[in-house]
Amino acid sequence: MIRIIDLPKILDERGNLSIIEEGNQIPFKIKRVYWVYDVPGGELRGSHALKSTEEFIVALSGSFDVILNDGNRNRKYSLNRSYYGIYIPSMTWRTLKNFSTNSLAVVLASKEYDEKEYIRDFDYFLKLKK
Ligand code: TYD
């Protein structure tokens, strides 16, 4: 189920700290971590679904919107804090947009990179979801 997951937050006058532990906050084993940065204003990222890979995205810096479609409707999640993230189940269409200057999106994934995991045709995605 698509959901926002709050992360532990250790508040400290010396600076705050948040945590992700495999099998604790995140409902999958972390196989891969990647990040998206230096996104020019107005650019879109994503616009695909993954067949069996689950992901969890955190805005470590700045802000951006994650638009998710589960086959029924679009929902927009604005990420702008480093102490929560969005859990994206497999077979969810996602688009990331409205990146602020210097935003940094970190993505935890349940599988290693495999181009065969990608569905890049939205109509085909909808057909599979029926
Ligand atoms: P893509 O997943 O399409 O980017 P986004 O969803 O952020 O728009 O990946 C862009 C390119 O990077 C594509 O050619 C594949 C490559 N890539 C890897 O080699 N390994 C990875 O783990 C990822 C996520 C992408």
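A. Representation of the overall build of the chain within the structure. From N to C terminus, the chain includes 1 helix and 12 strands. Sequence-ordered secondary structure for the chain, helices as α and strands as β, is β-β-β-β-β-β-β-β-β-β-β-β-α. Along the longest, intermediate and shortest principal axes, the C-alpha atoms of the chain span 50 × 35 × 25 Å. The long-range share in the chain, meaning contacts at least 24 apart out of those at least 6 apart in sequence, stands at 76%. A total of about 7900 Å² of accessible surface is found on the chain, and carbon and sulfur atoms cover 47% of it.

B. Representation of the pairing of strand 6 (residues 55-61). Burial of strand 6 is extensive: 5 of the 7 residues sit out of reach of the surface. Direction of pairing for strand 6 relative to strand 9 (residues 84-88): antiparallel, over a ladder of 4 bridges. Directly across from Ile 57, in strand 9, lies its bridge partner Ile 86.

C. Examining the site of the ligand more closely. Taken together, Arg 32, Tyr 34, Arg 45, Gly 46, His 48, Tyr 113, Tyr 118 and Arg 120 make up the full set of residues near the ligand. Here His 48 contributes a side-chain N or O atom positioned 2.8 Å from an oxygen atom of the ligand. When the free accessible area of the ligand is taken as 530 Å², the share hidden by the protein chains comes to 61%. The element contributing the most residues to the shell around the ligand is strand 5 (residues 45-50), with 3 residues. Counted by class, the shell around the ligand contains 3 nonpolar, 2 polar and 3 charged residues.

D. Structural context of the sheet that holds strand 6. Sheet architecture is open: 5 strands sit in the order 1-9-6-11-4, paired in antiparallel fashion. Where the open sheet ends on each side, the last strands, each with one partner, are strand 1 (3-6) and strand 4 (32-37). Sheet twist, expressed as the average angle between the axes of neighbouring strands with direction ignored, equals 25°.

E. Layout of the pattern of salt bridges. Under the defined criterion, the tally for this structure stands at 5 salt bridges. Lys 76 is paired through a salt bridge with Asp 65; the nearest N and O atoms lie 4.0 Å apart. Of the two residues, Lys 76 sits in strand 8 (residues 74-79) while Asp 65 sits in strand 7 (residues 64-69), which places them 11 residues apart along the sequence. Its salt-bridge partner being Arg 120, residue Glu 115 comes within 3.2 Å of it at the nearest N-O pair. Taking relative accessible area as the criterion, Glu 115 reaches 38% and is therefore assigned partly exposed. Accessibility expressed as a relative area gives 48% for Arg 120, which makes it partly exposed.

What counts and how
Residues numbered from 1 in each chain as written. Predicted model: local features only at pLDDT ≥ 70, side-chain atom pairs only at ≥ 80, totals over all residues. Heavy atoms only, no water. Helix = DSSP H or I, 4+ residues; strand = E, 2+ residues; numbered from the N terminus. Contact = heavy atoms within 4.5 Å. Areas by Shrake-Rupley, 256 points an atom, 1.4 Å probe, with all protein chains shown as cover. Buried < 20%, exposed > 50% of the residue type's maximum accessible area, 1.4 Å probe, protein only. Pairing = 2+ DSSP bridges. Near = heavy atom within 4 Å. Polar contact = N/O pair within 3.5 Å; in protein donor to acceptor, adjacent residues only side chain to side chain. Nonpolar A, V, L, I, M, F, W, Y, C, P; charged D, E, K, R; others polar. Axes fitted to C-alpha atoms, helices over the stretch in contact; angles between N-to-C directions. Salt bridge = Lys/Arg side-chain N within 4 Å of Asp/Glu carboxyl O.

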